[in-house]
Amino acid sequence: MMTNRFTLLLLLSITEWSSALIRPVPGISKPDKDGRTLHRTKRGWMWNSFFLLEEWTGSGKQYVGKLHSDMDTEDGSVKYVLTGDGAGTIFEIDENSGDIHATRRLDREEKSSYTLSAKAVNKSSGQVLERASDFIIKIHDINDNEPKFSKDTYLASVPEMSNVGAFVMKVSATDADDESYGNSAKLVYSILQGQPYFSVEPETGVIRTALPNMIRENREHYQVVIQAKDMAGQMGGLSGTATVNITLLDVNNSPPRFNSSVYPLNAFESAEVGSSVGSIKASDADTGENAEMWYSILDGDGQEVFSIVTDAARQEGVVVVKKPLDYESKRTYSLNVQVTNTHLDRRFSHLGPFSDTAMVRITVRDVDEPPVFGRSHYIFEVDEDRLPGSSVGTVSARDPDAANHVVKYTIDRHTDLERLFNIDSNNGTISILQALDRETSKWHNISVLATEISGSLQTRVPVFIKVRDVNDNAPEFAMYYETFVCENVKAGQLIQTISAVDTDEPLVAHKFVFSLSTVNPNFTIFDNEDNTARILTRRGGFSRLEMSSYLLPVVISDNDYPIQSSTSTLTVRVCACDSHGKVQTCSPEALLLSAGLSTGALVAILLCIIILLMIVVLFAALRRQKKKEPLIISKEDVRDNVVSYNDEGGGEEDTQAFDIGTLRNPEVIDTNKMRRDIIPEMLFPFRRVSPIKDNTDVRDFISGRLQENDSDPTAPPYDSLATYAYEGNGSLAESLSSLESSATEGDQDFDYLSHWGPPFKKLADMYIGKETQRET
């Protein structure tokens, strides 16, 4: 209660002092341009700034100050008017007395000062007695805001094993109170949690380490609480806190260590080179690159057979097979393995050594292995003239297991499709199965398989067979030579240079000898002794009329053993040449033409031949267009008989005009020909013999006419004679026609006509009815 009274008295004293008036001073005179003196009168009232405490807690309105003018005689005629920041809302003025009050509690952090304007006017006339004048109301600060950090939680890190006082981070807080007024905004930092590991500087907020050699492996994370307090840290001040999470960063201060001194591993003897046997791993308390390790082999009886590779991802040492294993030869190996950090920190070398060693013992396990050849590949040589059955070479394989099973040998026929070789299945001797030819193939690559009898395990080995050359091919011309000799050539002139090739492969080099098989009066040969030879003329005066070409047999021999030789024939043509020896023509016909006939005569002969050919062709065409006599001179065409003959049941009546039976058998007498439109008196047997065998003349006649009509372009597109010359032959029911009825005689039963259906009903009535009447 006493404190509130003191504050109120202090406020009143401040407001009374700040509202003291300054009396007007006498006017100042100043001459104008015309020499007249102007008097400027000072304002009749002034005041200083007003001050007001924030966060007023008293009852009622808070008094700010009092305005008073010299014009105010206190008779109630003067009116005070207030305008500006907060006028009428935050601040109000008594228009009669000039007292200013604050209507509500103010906060300096929201607004620290207000600028207002006041004037005095006459109530009745409204005349301005005192012109508007500005003044400021300043809000005095009180400690009503606590310090605040920029973050509630901070993250920081510091390397482990750091010295005392190592910088961690800096934190800072702010206070909204007025820094220029009192200690309301003066902050002091302190640590509430995190001792004795860390400390904070009171004035700057810098956090530092407080203990030496803090080890991350013992404790990695720390939580520190920092306090910021205003009023310079005195009692009654406000405070704020923040949390700082500090992590110790790893350094390479922990050496790698094996968890065991001996590591046993197992490996099968069939393990391939480069395959993994197993792995070992050391532990390192560090992290990241500080925990990276490298494994190596220091010594041991297995360092030639095994190697160790570092797996960077898993930080393991992988033991790898370096050479093939053999259980029967050696069954155990030992390796002295070392592990070392790859990134060393010299500051902590005194904590070392940063390496460790362990023993790795590898036991080889036995497996059933396939046969093993004595070599990785075999190379044999054989002469190409060796006879089938001759030996080429021998391959050998064994069973590496302790059982030492018997091994059988075979040739992979996919590599010997021509079956040129064979192998003894017991001893592995390769022999020739067919004759070899080096000129066809110089090398043969086959695969030999070795298989255990007791199992299916097998191994293959490549065998390369080289076929050695034998002089079994004679040399021959290197190319086809087109040789010519000029008619005007002289004796001893070169007409051709020849060379030879040999498919054989001599030990040193080819050496060919050229000669003529017989003495030739026209040409000779000269051996250049460089595998070439020159063909020279022995005489001159060659003539195409006498001989257009000469055949010159040349014998070519080699110098290998046994000597091979061959005779190649060189054709020399005789040609006409100019004075420089350039060939003009080699044809003897051209010589005859040029000697006997001129070009004009040749053209005339050719035209005559063409005219004669045209006349012959025209004559042949006219003969083909000449009209041919018909085969049968009659008003009725044979083709009409074909159409009429198709009438059902009675087509035979229309054949009276032309009886084709006469053509088939010309010996038939006309008197014996009967009518066919009535029932015959003489019955004929059902089956008859075809007269074709005795009528070859008719057949030849018809065939000839058929061929003439087929080749005649003016003939119609049909031929009745060719179609009906042998009508009915070959039919199982025989012919239904009555042609050749006069050729034979006999009785016939026509009852079968009644079974042939409606198309033959008329015939059945005619023949069966008449036969009944006759019998009656």
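Before reading on, note that the structure itself is shown above.
Colleague: Whenever I open this one, the pairing of strand 9 (residues 128-140) confuses me. Can you help?
Modeller: Walk down a regular strand and you will see the side chains alternate between the two sheet faces. Alignment of strand 3 (residues 50-53) against strand 9, held across 4 bridges, turns out to be parallel. Residue pairing in the sheet places L53 in a bridge with H140 of strand 9. Summarising the sheet, strand 8 (residues 113-122) and strand 9 pair through 8 bridges and their orientation is antiparallel. Residue pairing for strand 9: V121 is matched across the bridge by V128. A loop of 5 residues connects strand 8 with strand 9, the two strands running antiparallel in sequence, and G126 in this loop sits at a positive phi of about 75°.

Colleague: I would appreciate a short explanation of the side chain of S254 in the present structure.
Modeller: Along the polypeptide, S254 turns up in the loop between strand 18 (239-249) and strand 19 (257-258). Residue class for S254 comes out buried when judged on its relative accessible area of 12%. Beyond its immediate stretch of four places on either side in the chain, S254 contacts E217, D284, A285, D286, N341 and F354.

Colleague: Please clarify how the sheet that holds strand 4 (residues 62-66) should be interpreted in this entry.
Modeller: Sheet strands line up and pair through hydrogen bonds in the backbone, either parallel or antiparallel. Read across the open sheet, the 3 strands follow the order 4-7-6; overall the sheet is antiparallel. A single partner strand is all that each edge strand has here, and the edge strands are strand 4 and strand 6 (91-93). Across the sheet, the axes of successive neighbouring strands diverge by a mean angle of 25°, strand direction being ignored. Sheet analysis places strand 6 next to strand 7 (residues 99-102), joined by 3 bridges and oriented antiparallel. Residue E92 lies in a different strand from strand 7, and its bridge partner there is H101.

Colleague: Is there a simple way to explain a nonpolar patch on the surface in this structure?
Modeller: A cluster of nonpolar side chains, namely V603, L606, L607, I610 and M614, defines an oily patch on the protein surface of about 490 Å² accessible area. Tracing the sequence through the fold places I610 in helix 3 (residues 599-625). We classify I610 as partly exposed; its relative accessible area is 40%.

Colleague: Mind showing me how you'd approach the pattern of salt bridges here?
Modeller: Should their charged atoms come close, side chains of opposite charge can pair. For the coordinates displayed, the defined rule picks out 19 salt bridges. D99 is the salt-bridge partner of K66, the closest N and O atoms lying 3.4 Å from each other. Here D99 lies in strand 7 and K66 lies in strand 4, a separation of 33 residues in the sequence. For K66, a relative accessible area of 31% gives the class partly exposed. Accessibility expressed as a relative area gives 18% for D99, which makes it buried. The salt bridge partner of R216 is E220, with a shortest N-O separation of 3.9 Å.

Colleague: Explanation requested: the state of the cysteines in the structure shown.
Modeller: Covalent bonding between the sulfur atoms of two cysteines is what defines a disulfide. Summed over the entire model, instances satisfying the criterion amount to 2 disulfides. What pairs with C575 in a disulfide is C586, and their sulfur atoms sit 1.6 Å apart. Negative torsions about the S-S bond denote left-handed disulfides, and the value of about 100° found for C575 with C586 makes this one right-handed. Remark: C586 occurs in the loop between strand 45 (583-585) and helix 2 (588-596) and C575 occurs in strand 44 (residues 565-577); sequence separation between them is 11 residues. Both residues of the pair, C575 and C586, count as buried. Sequence-ordered numbering of the disulfide-bonded cysteines in the protein chain gives the connectivity 1-3, 2-4.

Colleague: Explain the packing of aromatic side chains here, please?
Modeller: Aromatic ring pairs: the centre-centre distance and the angle between the two ring planes describe each pair. For the structure on display, the rule yields 13 aromatic pairs. An angle of 50° between the planes, with centres 5.0 Å apart, marks the rings of Y197 and Y222 as tilted. Remark: Y222 occurs in strand 17 (residues 221-229) and Y197 occurs in the loop between strand 14 (188-193) and strand 15 (198-200); sequence separation between them is 25 residues. On the basis of relative accessible area, Y222 is assigned to the buried category, the value being 7%. When the centroid spacing of 6.0 Å and the interplanar angle of 25° are considered together, the rings of Y378 and F380 count as stacked. Given the relative accessible area of 3%, Y378 is considered buried. A network of ring pairs unites the aromatic residues Y197, F198 and Y222 as a single cluster. Residue placement shows R219 over the ring face of Y197; its charged tip is 5.4 Å from the ring centre. Over the face of the ring belonging to Y333 we find K330, whose NZ or CZ atom lies 5.3 Å from the ring centre.

Conventions used here
Residues numbered from 1 in each chain as written. Predicted model: local features only at pLDDT ≥ 70, side-chain atom pairs only at ≥ 80, totals over all residues. Heavy atoms only, no water. Pairing = 2+ DSSP bridges. Helix = DSSP H or I, 4+ residues; strand = E, 2+ residues; numbered from the N terminus. Buried < 20%, exposed > 50% of the residue type's maximum accessible area, 1.4 Å probe, protein only. Contact = heavy atoms within 4.5 Å. Axes fitted to C-alpha atoms, helices over the stretch in contact; angles between N-to-C directions. Patch = residues over 30% accessible without salt bridge, like charges linked within 9 Å, V, L, I, M, F, W, Y side chains within 5 Å. Areas by Shrake-Rupley, 256 points an atom, 1.4 Å probe, with all protein chains shown as cover. Salt bridge = Lys/Arg side-chain N within 4 Å of Asp/Glu carboxyl O. Disulfide = S-S within 2.5 Å. Phe/Tyr/Trp six-rings, centres within 6.5 Å; stacked < 30°, edge-to-face > 60°. Lys NZ or Arg CZ within 6 Å of the ring centre and 35° of its normal.

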